[in-house]
Amino acid sequence: MPTYTAPARDARFIINELLDLASYGNLPGFEMVSEDVVEAVINEGGKFCAEVLAPLNRVGDEHGCVRNEDGSVTTPPGFKEAFDQFREAGWGTISAPKEFGGQGMPHVLGFVMEEFISSANQAFGMYPGLTNGAISALIAKGSDEQKTMYLPKMISNEWTGTMNLTEPHCGTDLGMIRTKAEPRGDGSYSITGTKIFISAGEHDMSENIIHLVLAKTPGAPDSTKGISLFVVPKFLVNEDGSLGERNGVMCGSIEEKMGIHGNSTCVLNYDGAKGWLVGEENKGLAAMFIMMNAARLGVGIQGLSQAEVAYQNAVAYALDRRQGRALTGPAEPDQQADPIFVHPDVRRMLMDAKAFTEGMRALALWGGLLVDLIHKAETEEEREEADLLLGLMTPVIKGYGTDKGYEVATNMQQVFGGHGYIEEWGMSQFVRDARIAQIYEGTNGVQAMDLCGRKLAQKGGAGVQAFFKHVGDEIAAAKEVDELKDMAEQLEKALGQQQGATMWFMQNAMQNPNHLGAGAHHYMHIMGIVTLGLMWLKMAKVAQAKLGSAGDDKAFYEQKLATARYYMDRYLPDAGALRRKLEAGSDSLMALGEDAFQTAA
C-alpha cells in the first residue's frame with residue numbers, strides 16, 4: 001500500500017529561507033504570516049493530507065465515480081466525508097480574499113497546500129482546484145452582484161465551481177464552439193449545448209455547483225472574438241441566497257479515463273439552462289484566460305505532486321528490496337543480498353527525482369510569490385516585472401513541470417521492477433494520474449507555442465530580457481562565493497544555450513514559422529532546465545550561508561548542496577543538446593508528405 005508524507009521541512013525551507021516571506025511583511029496579507037503561522041499551516045495541512053486524503057487515493061482509483069439514473073453522481077466512498085472535513089477546517093480559504101470570507105494569506109502559502117493535496121489525492125484535489133479557477137474569473141470579471149451571490153459560498157467550499165470550455169468537436173480552437181446563449185429578455189440567457197471533459201462537473205460533495213460556461217450569443221463572430229462567458233448554477237439561487245429549482249444542466253455521462261478516477265469528469269448537457277453574462281459580451285476569451293492561467297499553475301503543481309509521492313515510495317522500496325551486490329563489494333555482507341539502493345542505476349533514477357522535485361517545488365512557490373507581487377508589490381515597476389516573469393513562467397511550470405513530473409513518476413515505477421507494474425503497489429496509479437497533467441488546460445505543445453509564439457515577443461521581449469537579467473545577476477553574485485563558483489559557471493553555460501536558441505528564433509522564425517513550431521517544445525525544456533538551475537543556485541546559496549551555524553540542520557543543508565551539484569552536472573548539459581535539435585529547424589521534420597506516414601500493406 002503506497003504511503004505519503006508531506007515534505008514539510010522542504011516547504012518551510014523554501015518559504016522562510018529561500019523566498020524569505022518575512023521580508024515582504026510590509027505588503028497586504030503578508031503581515032499575518034510569521035514563521036510560526038507558516039509552520040502551523042504547513043505542518044497541520046500536511047498532516048491532514050497524509051492522514052485523511054492519502055488513504056482515499058487508491059479508493060478513488062478503484063471505485064471511481066458513479067452516474068445514477070437521475071443524472072446525479074456519487075463520488076467514491078469516503079470522499080464526501082473528507083470534503084466535509086476539508087471545508088470545515090477552512091483549507092480552501094487560505095489565500096482567498098477576506099472580503100468574501102477568505103483568510104487573505106499570500107497565494108504562495110496556498111500553493112504549498114495545493115501540492116500536498118494533489119500528492120495525497122490528485123483526483124480529490126481537483127474539486128477545490130477547479131473551484132479556485134472559477135473564483136479567479138468571478139473576482140476579475142464578475143459583477144458586484146455576482147460576486148456577492150457566488151463567491152462567499154464558493155470560497156467556503158459550500159459550493160464548488162467548474163470551467164466549461166471543451167466541446168465534442170473542438171478543444172484548443174475555442175472559436176469553433178457551438179454552445180448557444182439566447183437572451184431571455186430579463187437579463188439572463190438560455191444556454192444550450194454540450195460540453196465534455198468537465199472536471200468535477202457533477203458530484204455529491206457540495207450543495208451547489210457553479211458552472212462557468214463559454215457560449216456564443218446570436219450574431220456573434222464565428223471566431224474567438226465571438227465567445228462570451230456565462231455563470232450557470234446547478235441550482236438557481238434565490239435573492240436571499242437560498243437554493244431554488246434545479247437548472248437545465250445535467251450530467252449525460254462520466255468519461256472513462258486512464259486515471260484520476262476519483263474525479264467526476266463529465267459530459268454536461270445544457271438544455272435551456274439559465275445563465276448570466278460574466279463581463280462583457282464577446283469578451284469571454286479574456287475571462288477564460290484568467291481561469292486557464294490559474295489552472296495551468298495548478299496543473300504544473302500536479303506534475304510535481306505525482307513525482308513527489310512516487311519518489312517517496314520508490315525510496316522506501318529501494319531501501320527495503322534486496323537484489324544483487326554493490327559493484328564495489330557487498331554493502332551488507334551478513335545479508336544474502338544488498339538493498340537495490342546501492343546500485344548506481346537505481347541511484348540515478350532517485351537522484352534525478354530528488355533534483356527535479358525539490359527544484360520544481362522552489363519554482364512553483366516562486367510562481368506563487370509572483371502571483372502575490374503582481375497585485376501587492378509596492379511599486380508599479382515591481383508589479384509589472386512580476387507580471388512579465390509570471391507570464392513567461394506559466395507555460396514552463398505547466399509544460400516542463402508536467403513533462404518531467406510524468407517522466408519521474410514512470411522512473412519511480414521502474415525502481416520497483418515488475419512489482420511497479422502490479423496494481424497492489426500503487427505505482428501504476430501515480431503514472432496514470434500524472435499523464436493527464438500533460439494534456440489538460442492546454443496540451444504541452446500548446447504551452448510551448450504559447451511560450452515561444454507569444455510570451456517571448458510580448459512587449460518587445462521585455463519578459464525574457466527580465467528573466468535573463470535575473471538569472472545573470474544570480475550567477476554574478478554566486479561567482480563571488482568560492483564554493484558556488486563552479487555551479488554558477490555551469491548555469492552560465494546553460495543560460496548561454498538558451499540565449500543562443502532565443503537569438504536563432506529571432507533570426508529564423510519570421511521567414512519560416514514552422515521553425516518556431518518545430519523548436520518550441522525543445523525551447524520550453526531548455527528554459528525549464530535553466531529555470532530549475534536558477535532555483536538550485538539560489539538554494540545552494542542559502543544552504544552554503546547556513547552551514548556554519550546549522551546545528552541539527554547541518555545534514556539538511558549539506559544534502560541541498562550535494563543535490564544542487566548533481567543538478568548542475570546531470571541536468572544542465574541537456575540544454576546544449578536541445579539547442580542543437582532546435583537549430584536543426586523544420587526542414588527534415590516537414591519533408592515527408594502525408595502518404596509517407598501511411599502503413600503499406
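That block above? That's the structure.
These remarks concern the structure in this document. Remember, it's a predicted structure, so these values are computed and weren't measured experimentally.

The rules behind the values
Residues numbered from 1 in each chain as written. Predicted model: local features only at pLDDT ≥ 70, side-chain atom pairs only at ≥ 80, totals over all residues. Heavy atoms only, no water. Salt bridge = Lys/Arg side-chain N within 4 Å of Asp/Glu carboxyl O. Helix = DSSP H or I, 4+ residues; strand = E, 2+ residues; numbered from the N terminus. Buried < 20%, exposed > 50% of the residue type's maximum accessible area, 1.4 Å probe, protein only. Patch = residues over 30% accessible without salt bridge, like charges linked within 9 Å, V, L, I, M, F, W, Y side chains within 5 Å. Areas by Shrake-Rupley, 256 points an atom, 1.4 Å probe, with all protein chains shown as cover. Lys, Arg positive; Asp, Glu negative; His and termini not counted. Charge placed at Lys NZ, Arg CZ, Asp CG, Glu CD. Core = buried A, V, L, I, M, F, W, Y, C linked by side-chain atoms within 4.5 Å. Contact = heavy atoms within 4.5 Å. Axes fitted to C-alpha atoms, helices over the stretch in contact; angles between N-to-C directions. Parallel < 35°, antiparallel > 145°, perpendicular 65-115°, else oblique. Nonpolar A, V, L, I, M, F, W, Y, C, P; charged D, E, K, R; others polar.

Side note on the pattern of salt bridges
- Counting across every chain of the model gives 30 salt bridges.
- Residue Asp10 is joined to Lys560 by a salt bridge in which the shortest nitrogen-to-oxygen separation is 2.5 Å. With Asp10 in helix α1 (residues 8-18) and Lys560 in helix α15 (residues 554-570), this pair connects stretches of sequence that are 550 residues apart. Comparing Asp10 with Lys560, the two get one shared label, buried.
- Arg454 is the salt-bridge partner of Asp450, the closest N and O atoms lying 2.5 Å from each other. Of this pair, Asp450 and Arg454 both sit in helix α11 (residues 444-455), four residues apart, which is roughly one turn of the helix.

A closer look at a negative patch on the surface
- On the surface, Glu378, Glu381, Glu382, Glu384, Glu385 and Asp387 cluster together to form a negatively charged patch.
- Here Asp387 falls in the partly exposed class, since its relative accessible area comes to 41%.

Remarks on the nonpolar core
- Met412, Val415, Phe467, Tyr523 and Tyr567 are the most contacted members of the largest nonpolar core, which totals 157 residues.
- Those residues in contact with Phe467 that lie beyond four places of it in its chain are Leu389, Leu392, Met393, Gln498, Met527, Val530, Thr531 and Leu534.
- Counting 35 residues, the second-largest nonpolar core is a separate cluster that includes Ala134, Met154, Ile155 and Met288.

Some remarks on the packing of helix α9 (residues 380-415) against helix α12 (residues 462-479)
- Here α9 crosses α12 at 95°, and the two axes come no closer than 8 Å. With respect to α12, the element α9 is oriented roughly perpendicular. Contacts from Leu388, Leu389, Leu392 and Met393 of α9 reach α12 at Ala462, Gly463, Val464, Ala466 and Phe467.
- Tallied by class, the residues present in the contact of α9 with α12 amount to eight nonpolar, one polar and no charged.

Structural notes on the packing of α11 against helix α14 (residues 513-546)
- Packing of α11 against α14 leaves a shortest axis separation of 8 Å and a crossing angle of 90°. As summarised for this structure, α11 and α14 are arranged roughly perpendicular, according to the angle between their axes. For the pair formed by α11 and α14, the contact residues are Asn444, Gln447, Ala448, Met449, Leu451, Cys452 and Gly453 on the first element and Leu516, Gly517, Ala520, His521, Tyr523, Met524 and Met527 on the second.
- In terms of residue class, the contact of α11 with α14 is built from nine nonpolar, five polar and no charged.

Looking at the environment of Trp504
- Structurally, the position occupied by Trp504 is in helix α13 (residues 485-508).
- Spatially, the C-alpha atom of Trp504 lies 15 Å from that of Leu451, the residues being 53 residues apart in sequence.
- Setting aside residues up to four positions removed in sequence, Trp504 forms contacts with Ala509, His515, Leu582, Glu583 and Gly585.

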